[in-house]
Amino acid sequence: MARQYHYDPTDVLHPVVRSVARAVILVGIIVPVGYMLVMSVTPNVEVAAGTLWPSHLSWSHYLTMWAGTGLGAGMVNSVIICGSASGAAVLLGAVAGYVSSRARFRGRTSFLTLLLGFQSVPTVMVLLPLVIVMAGIQGLLHISVIGTYWAVAIAYLTFSLPLVTWFVAAYVDSVPRDLDDAARLDGASMPQAFVRVIIPMIVPALAVAGLLSFLVGWGDLLIATAISGPGTHTVAVALNQFLSNEEGQALPEYGTLMAASVASALPVVVLYIGLQRFVVAGLTGASVKA
Amino acid sequence: MAKGGPFKARTDLDVRSAGPSTRPSASRARRRDNGALFRRDLRPLVVLMVPAAIVLLVIDLAPAVIGVLSSFRLLTFSTLSHWFSAPWVGLHNFSQAFTGGGGLPVSGLNAIWHTLEYSVLTTIIALVVGVVAALTVCRRTSRATPVIRALYLVPTALPLFTASYLWYSILTPHTGLLDTFRRTIGLGGGANRLLVGDHSFATLVGVDSWLAWGFIYLFALAALQGIPRERYEAAEIDGASRWQKFRFITYPGIRKLLAVGAVLSTFAHYNDFTLPYVLFGTAPPTGVSVLSTTSYEAAYSLYNFGLADAVAVMGVIAIIVPIVMYIWYVFSGRRA
């Protein structure tokens, strides 16, 4: 195994440099995240006064944080909203990406660049027109739009759908057309070839795209504040309201707030790390074939 | 890279390029036939694409168009509900956005400059840290490697709002981790000034780099694992130095995927609202008055929505030109 050592990219860095870099990066991660974890079990009085280590562990934050913060409801709402948004983005984006990769049409590259370009449109700029469009639909059809689950989910689609489409198109570009042809020669129709042959091959890409879409929604504050209603507040809105409630208090419950932050982060961190292998595989596939 | 096979097939499948004058061999003819089938067969899928196209049009293109049109109108709280009858003011919003008039905290040009500086710096730092980090764990050296890989992902996996709040509480003067730590080791009890004044820009870049490098790391790790080991073996036999291995094997192998990561990352910082908002509040120091907060200020403090859109449109124009050029350079340039 020792000889193998020179035969992979790791060798590009000197072993000492590598160890030092690893240590520095790990400290840089563990200190802030550790602070968050420690503060989440530090009594509120001590957090407000500033401390490095609690006099006693106060696990009760993880029980008290659910009352009066809307944290639980916020998490459920976020799962519903981000889950449906990323599910819809993956479903629609997979087909759109596949077709834009396989169909030869004029301006194909421009179209794909435009999709990526949508990522450059600031949320602040999209937000207001979205509210205008939604308010317009609301007035026209006499249904409630703003404040519903699907309105927020659609707002997140504005970012995730172009991204997923672009991502899938780039990935399918790297899947040889011979595979489509082989399926075609075996008598499959194009949709069949897509579902049976291409979809299994691009599952990692779909996982990456779906995960990124989910995270965008989970961490967003701006859109959720403007479009979600009292019953559909996402976890970020719940946390932000908790924070602004505490700011003016005589005894701010910053410890409890940290506990709530940990709880809000845990599901996505677990999801991210759980899917890590999948995500790397998806990206690796693209790079080998690119 | 094995480009020949699929690439050749692709050109052959293209009906336009395989013109009628070509004298095709048997296999070529079959392929062209497939190509024709292929095109006709794409139709059901194109039909399936219609919902995606409609959604893209309604939620992406329409708001973008409305946003651009709004930037030429006088849109205040009272005229907002009658968007179609809001008065046109021509380039008035743009001239205000340009010069920083109308109550804006900074001029649009300043905001664009701060934002560009901030997003480019952040992406560069994230690129360096991300690639180095990937190099430290791309080979499994011990049982700890998978754990380290998982830890590396935590900063990026943290929801944006949570991570921003975490850093806000670390940097909070007097009671945050930073000042408490300084007091504990006897470096004086003064409050840090990282969230105010001139230091705020460095703070924003630093914190955002901490949030962002994991994303690049993921792309770099994936790209590194796609590089065939034989190339390093060959380089080793040829007596290549570490730098040469990086320059001629590693870098070309990760370049394209890193470019994707870098573009996505730059966009994300360019438009980020949550981090500057949580760190610096609604009235940030001028050094960190980025596009998103300036536009937000115009819309929700000044209630001048046309001005807000003008600032945003200027920002989009400023970023779209270099990025589009870059994408074309990386993707279409290499394909030809």
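A short tour of the structure in this document, coming up. Here the structure is a predicted model, which is why all the values come from computation and not from measurement.

Before going further, it helps to examine the side chain of S289(B). All names here are of chain B. Residue placement: S289 occurs in the loop between α11 (274-280) and α12 (291-300). Residue S289 is classed as buried on the basis of its relative accessible area, which comes to 1%. When neighbours within four sequence positions are excluded, S289 is seen to be in contact with P105, V106, A111, H114, P284 and T294.

Okay, the interface of chain A and chain B next. With 111 residues of chain A at the interface, the matching set in chain B holds 115 residues. Summed over both partners, the interface of chain A with chain B comes to about 10200 Å²; 75% of that surface belongs to carbon and sulfur atoms. For the pair chain A and chain B, the interface holds zero salt bridges. The interface formed by chain A and chain B contains four residue pairs in polar contact (both at pLDDT 80 or more). Here the element with the most residues in the side of chain A that touches chain B is helix α1 (residues 15-39) of chain A; it accounts for 14 residues. Class assignment for the residues of the side of chain A that touches chain B results in 74 nonpolar, 23 polar and 14 charged.

Any two aromatic rings considered together are summarised by their centre-to-centre distance and by the angle between their planes. Residue and element names in this part refer to chain B. What the rule picks out here adds up to 16 aromatic pairs over all chains. Ring centres of Y152 and Y217 lie 5.3 Å apart, and the angle between their planes is 85°; on these two criteria the pair is classed as edge-to-face. A residue pair is termed long-range when its members are at least 10 positions apart, and Y152 in helix α5 (residues 145-157) and Y217 in helix α8 (residues 199-225) qualify at 65 residues. According to the relative accessible area criterion, Y152 is buried, its value standing at 0%. On the basis of relative accessible area, Y217 is assigned to the buried category, the value being 0%. Pairing F273 with Y296 gives two aromatic rings, centres 4.6 Å apart and planes at 45°, and the pair type is tilted. Residue F273 is located in the loop between α10 (242-270) and α11, and its partner Y296 is located in helix α12; the two are separated by 23 residues in the primary sequence. A residue is classified by how much of its surface remains accessible, and F273, at 5% relative accessible area, is buried. Grouping aromatic residues by their ring pairs yields a cluster made of F273, Y277, Y296, Y300, Y303 and F305.

Next up on the list: the pattern of salt bridges. Inspection of every chain in the model, using the stated rule, returns three salt bridges over all chains. Between D180(A) and R102(A) there is a salt bridge; the shortest N-O distance is 2.8 Å. Of the two residues, D180(A) is situated in helix α8 (residues 177-185) and R102(A) in helix α4 (residues 71-102); the sequence distance between them amounts to 78 residues. Note on R102(A): relative accessible area 2%, which makes it buried. For E236(B), the salt bridge identified is with K245(B), shortest N-O distance 2.7 Å. Accessibility expressed as a relative area gives 26% for E236(B), which makes it partly exposed.

Thresholds, definitions, all that
- Residues numbered from 1 in each chain as written.
- Chains lettered and ligands numbered in written order.
- Predicted model: local features only at pLDDT ≥ 70, side-chain atom pairs only at ≥ 80, totals over all residues.
- Heavy atoms only, no water.
- Helix = DSSP H or I, 4+ residues; strand = E, 2+ residues; numbered from the N terminus.
- Buried < 20%, exposed > 50% of the residue type's maximum accessible area, 1.4 Å probe, protein only.
- Contact = heavy atoms within 4.5 Å.
- Buried area = accessible area lost by both parts, 1.4 Å probe.
- Salt bridge = Lys/Arg side-chain N within 4 Å of Asp/Glu carboxyl O.
- Polar contact = N/O pair within 3.5 Å; in protein donor to acceptor, adjacent residues only side chain to side chain.
- Nonpolar A, V, L, I, M, F, W, Y, C, P; charged D, E, K, R; others polar.
- Phe/Tyr/Trp six-rings, centres within 6.5 Å; stacked < 30°, edge-to-face > 60°.

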